[in-house]
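Topology and contacts: notes
Okay, here's what each chain looks like letter by letter:
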Amino acid sequence: MDVEHKQLVQLLPLLPLLAELGRTQHVTAAAAVLGLPQSTVSRGIARASAIVGAELLIRDGRGVRLTPAAKALMPHIEAALGAFQAGLDLVRHESEVVRGRISVTFQHTFGEAMLPLLISAFRARHPQTAFHLSQGSRDGCLAELAAGDADVALTAPVAAPSRTIGSASLYREPLRLVVHHRHRLAMRRRARLEEIRREPFVALGPGYGMRSLTDALFREAGFRPRMAFESQDTHTARGLVSAGLGVSILPPGGQAPGRHPAAESGDLGWVEIALDSRLAFREIGLAWRQHRGGADAEPDPVRLFRELVLSEGPELLAGFVRERSGS
């Protein structure tokens, strides 16, 4: 290490002291601002003068006065400290950027628009955060959440809150009777469940949220449907209906109720009809694991995502809900 570099290293810790002395023009006042004993400040002045090779401060009554050498150095000292502060602010800002990964498990029907809208809103504010996505049945989603394999879950119906799971509703959407576009009910605006008592029914399999909802609808109507197919996703169920292989009850597939041709030619297509039943809706909600120690123990990205979904999710999704519901 050469002499000049060694002197620079020795001077660096003394720069804040010299800058404060230049501002206060008083050893006692500078010591108070810096939280140092007055004797330490006095020794620092002497040491800096020895390293520079020139007196930096001279006594002036009860105060001190900058020497010409100190006046020449002071702008450079202030600039150096200012540059370091700017770098420190940058590092602190970077450390506040939300990083990490959020694991989201969700039912298939939420992957087309609902979940992407929520992630897009979050990533606009926290672009460094990564997401791990897993989709499946409602039971599967809640099992992942309970096992700790997911941080949050989007399900319908909303998960029941417990000691280990928190939950909240986000929005409600109607359920529609879906029939082939040449079905005898296709021209109707509304229908009753009794009118499909003898129709082959396309259901989702056990464990899926829609299955629990349709089971409840038929229990209220007082009969069991004639089960024709059990599917694992609403797209397949809708396709089976579109081919005339049965009827189904599903969330809206677009602006509903309405006619939805599925092909330019052939006889594929379906119609969505409003259902006369007080249970013909599904409640979509968010569920999350309760952390010991409360919100402070929750990873920052997960907490911030949960807060955004609960506070802004309903408004963010309002247009999507209106379009799907046809309202």
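Data block above holds the structure.
We now turn to the structure provided with this report.

Rules behind the numbers
- Residues numbered from 1 in each chain as written.
- Predicted model: local features only at pLDDT ≥ 70, side-chain atom pairs only at ≥ 80, totals over all residues.
- Heavy atoms only, no water.
- Helix = DSSP H or I, 4+ residues; strand = E, 2+ residues; numbered from the N terminus.
- Buried < 20%, exposed > 50% of the residue type's maximum accessible area, 1.4 Å probe, protein only.
- Contact = heavy atoms within 4.5 Å.
- Areas by Shrake-Rupley, 256 points an atom, 1.4 Å probe, with all protein chains shown as cover.
- Phe/Tyr/Trp six-rings, centres within 6.5 Å; stacked < 30°, edge-to-face > 60°.
- Lys NZ or Arg CZ within 6 Å of the ring centre and 35° of its normal.
- 1 Å grid on protein atoms, 1.4 Å probe; cavity = no way out; pocket = protein on both sides within 12 Å on 5 of 7 lines; lining within 4 Å.
- Points joined across faces, edges and corners; volume = space filled by probe spheres on them.
- Nonpolar A, V, L, I, M, F, W, Y, C, P; charged D, E, K, R; others polar.

1. A closer look at the overall build of the chain
Scanning the chain for helices and strands turns up 11 helices and 14 strands. Out of the 327 residues in the chain, the part that is buried amounts to 43%. Looking at the chain alone, contacts between residues at least 24 apart form 73% of all its contacts between residues at least 6 apart. For the chain, the accessible surface area stands at approximately 17400 Å², while carbon and sulfur atoms represent 53% of it.

2. Section: the packing of aromatic side chains
According to the stated counting rule, one finds 5 aromatic pairs in the structure shown. The interplanar angle of 90° and the centroid separation of 5.0 Å between the aromatic rings of Phe201 and Phe218 together place this pair among those described as edge-to-face. Residue Phe201 is located in strand 9 (residues 200–204), and its partner Phe218 is located in helix 8 (residues 209–221); the two are separated by 17 residues in the primary sequence. When sorted by exposure, Phe201 lands in the same class as Phe218, which is buried. Among the aromatic residues, those joined into a ring-pair cluster are Phe122, Phe131 and Phe305. Between Arg172 and the ring centre of Phe281, over which it is positioned, the NZ or CZ distance is 3.8 Å. Directly above the ring of Trp288 sits Arg306, whose terminal nitrogen or CZ lies 5.2 Å from the centroid.

3. Looking at unusual backbone geometry
Peptide bonds are mostly trans, and most non-glycine residues show a negative phi. Across the junction of Ala156 and Pro157, the peptide omega takes the value 0°, indicating a cis bond. Take Pro157: it is sitting in the loop between strand 5 (152–155) and strand 6 (165–174).

4. Considering the layout of surface pockets
One way to see where empty space is left: roll a probe the size of a water molecule over the atoms. The computed volume of the second largest pocket comes to approximately 230 Å³. If you go around the second largest pocket, you meet 14 residues; those closest to its centre are Leu8, Leu11, Leu15, Val52 and Leu73. Where the lining of the second largest pocket is concerned, the elements lending two or more residues are helix 1 (3–11), helix 2 (15–24), helix 4 (38–52) and helix 5 (68–96). When its residues are assigned to classes, the lining of the second largest pocket shows 11 nonpolar, 2 polar and 1 charged.

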